[in-house]
Amino acid sequence: MTLAHLYEQPDVYLVVAAFLLATGIFGLMRRRTLIGMLISGELIFASAGLNFVAMSRFVSPDPAAGQIAVLFLMGIAAAEVAIALSIIIAVYRNYRSIVSKELSEMKG
Amino acid sequence: MNLTPLLAVAAPSANPASNWITLGLFIMFVATTVAGALIAVNTVRIIRSVSGLALACVGLAGLFYFLHSPFLALMEILIYIGAVCVTIIFGVMLAEPDEPAPETHKRPYPVIAPLVAVVIAAGIFGGLAKLALGHKWEAPVAKINDGSVAAIGTSLLSTYSMAFELISLVLLVAILGALVIARGGRTKE
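Figured I'd write up the structure that's included with this text. Fair warning: this is a prediction, and the values are worked out from it, not measured in the lab.

Here the focus is the overall build of chain B. Along its length, chain B carries seven helices and zero strands. Walking chain B from its N terminus toward its C terminus, one meets helices and strands in the order α-α-α-α-α-α-α. In chain B, once contacts between residues fewer than 6 apart in sequence are set aside, the share between residues at least 24 apart is 55%. Accessible surface computed for chain B: about 11,300 Å², of which carbon and sulfur atoms make up 74%.

Let us now look at the overall build of chain A. From N to C terminus, chain A includes three helices and zero strands. The linear arrangement of helices and strands in chain A, starting from the amino end, is α-α-α. By principal-axis analysis of the C-alpha atoms, chain A measures approximately 55 × 25 × 20 Å. For chain A, buried positions account for 62% of its 108 residues. Within chain A, contacts between residues separated by at least 24 positions form 56% of all contacts whose residues are at least 6 apart in sequence. With the model as given, the accessible surface of chain A reaches about 4,000 Å², and the carbon-plus-sulfur share is 67%. Taken together, the 8 basic and 7 acidic charged side chains of chain A have centroids lying 16 Å from each other.

With a phi close to 60 degrees, B:His68 is a non-glycine residue in the positive phi region. By secondary structure assignment, the location of B:His68 is in the loop between helix H3 (46–66) and helix H4 (70–94).

Moving on, we get to the interface of chain A and chain B. With 77 residues of chain A at the contact, the number on the chain B side is 90 residues. Buried surface at the junction of chain A and chain B, summed over both partners, amounts to about 7,500 Å²; 74% is from carbon and sulfur atoms. Interface area lost by chain A to chain B is led by A:Tyr7, A:Arg31 and A:Arg32, which between them contribute 10%. Connecting chain A to chain B are zero salt bridges. In this structure, the connection of chain A to chain B is made through ten residue pairs in polar contact (both at pLDDT 80 or more). Among the secondary structure elements, those contributing two or more residues to the side of chain A that touches chain B are helix H1 (10–30), helix H2 (34–58) and helix H3 (63–95) of chain A.

As a further point, take the layout of surface pockets. In this model, the second largest pocket occupies a volume close to 280 Å³. In terms of lining residues, the second largest pocket is bounded by 13 residues, among which A:Leu85, A:Ser86, A:Ile89, B:Leu94 and B:Ala182 are the most central. When contributions to the lining of the second largest pocket are tallied by element, the ones reaching two or more residues are H3 of chain A together with H4 and helix H7 (161–188) of chain B. By residue number, the principal contributor to the lining of the second largest pocket is H3(A), which donates five residues. Split into classes, the residues belonging to the lining of the second largest pocket amount to seven nonpolar, three polar and three charged. Two domains each donate at least three residues to the lining of the second largest pocket, and these are domain 1 (1–101) and domain 2 (159–189) of chain B.

What follows covers the nonpolar core. In this structure, A:Tyr13, A:Ile35, A:Leu50, B:Phe26, B:Leu63, B:Phe64 and B:Ile88 are the most contacted members of the largest nonpolar core, which totals 69 residues. Broken down by secondary-structure element, the contributors of at least two residues to this core are H1, H2 and H3 of chain A together with helix H2 (16–42), H3, H4, helix H5 (112–134) and helix H6 (149–157) of chain B.

What follows is about the environment of B:Leu131. Within the secondary structure layout, B:Leu131 lies in helix H5. A residue is classified by how much of its surface remains accessible, and B:Leu131, at 60% relative accessible area, is exposed.

Time to look at the packing of aromatic side chains. Scanning the model with the defined rule gives seven aromatic pairs over all chains in all. Consider the rings of A:Tyr13 and A:Phe58, whose centres lie 5.8 Å apart with planes at 35 degrees: the pair is tilted. Taken together, the residues span a long stretch of sequence, with A:Tyr13 in helix H1 and A:Phe58 in helix H2 at a distance of 45 residues. Looking at A:Tyr13, the relative accessible area reads 1%, which means it is buried. Assessed through its relative accessible area of 10%, A:Phe58 is described here as buried. A ring pair is formed by A:Tyr13 and B:Phe26, whose centres lie 5.4 Å apart and whose planes are at 65 degrees; its orientation type is edge-to-face.

About the criteria used
Residues numbered from 1 in each chain as written. Chains lettered and ligands numbered in written order. Predicted model: local features only at pLDDT ≥ 70, side-chain atom pairs only at ≥ 80, totals over all residues. Heavy atoms only, no water. Helix = DSSP H or I, 4+ residues; strand = E, 2+ residues; numbered from the N terminus. Contact = heavy atoms within 4.5 Å. Areas by Shrake-Rupley, 256 points an atom, 1.4 Å probe, with all protein chains shown as cover. Buried < 20%, exposed > 50% of the residue type's maximum accessible area, 1.4 Å probe, protein only. Lys, Arg positive; Asp, Glu negative; His and termini not counted. Charge placed at Lys NZ, Arg CZ, Asp CG, Glu CD. Buried area = accessible area lost by both parts, 1.4 Å probe. Salt bridge = Lys/Arg side-chain N within 4 Å of Asp/Glu carboxyl O. Polar contact = N/O pair within 3.5 Å; in protein donor to acceptor, adjacent residues only side chain to side chain. 1 Å grid on protein atoms, 1.4 Å probe; cavity = no way out; pocket = protein on both sides within 12 Å on 5 of 7 lines; lining within 4 Å. Points joined across faces, edges and corners; volume = space filled by probe spheres on them. Nonpolar A, V, L, I, M, F, W, Y, C, P; charged D, E, K, R; others polar. Domains from an automatic or database assignment. Core = buried A, V, L, I, M, F, W, Y, C linked by side-chain atoms within 4.5 Å. Phe/Tyr/Trp six-rings, centres within 6.5 Å; stacked < 30°, edge-to-face > 60°.

Here it is as structure tokens:
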């Protein structure tokens, strides 16, 4: 692993992806509002995407497959954000708050 | 327009300084990603957190460019910063999502809980990084395409055409569902 060609090694991309996953999980545990948890979830999506592209660039015999997987992943992430934000807005209308601790009552 | 990655092609050129400039750019993108992720999870105000997510996405787009995927770099900027971050900012405007002040919401375990979160996150990061660094990643003996935009387009409309149609269906259903959910709250009041 030479320093001059650091960007031609899969290791550094995988370590960055692991860091993004760890920060995303940390944010999911520490955030107290729903939007903060949503942002942490986006970090986890980004980590998965970076892993896909790094693997398809360096290891896979089909470099286009990983990029297509990441395109699909971006579509899923966009759909997830749309649904989650509409749920957050509906929750805010009912509770006047999106702090996750206050959303502890359930009613059918 | 030719979308082949210029930086990575220019790397083995005759000028030795260009290699170090490329390395400097790479380190800058890695630092942007890491800093953006840290800002996204550690700030109190949510709007700064969204800005951190956007910063991390800029860094990720640069990393995608270094991975010979300029099309994905474009899409990362377009979708994540242009659509996802802007949508979250709309959500921030419609709800008031700032973290509550510490005196109104006493946390039950002010010391232990952050420590546990840090330990779990550090364990995940350390374990995965050890796995990634410990394995010898070997290049494939032959590649069936070059990973260019043309190859992506061909695979997208031949091998992955079914998944392509399904993802459009998922997006349609998601948009309709979002409209229904957000509207249901309005009619109730």
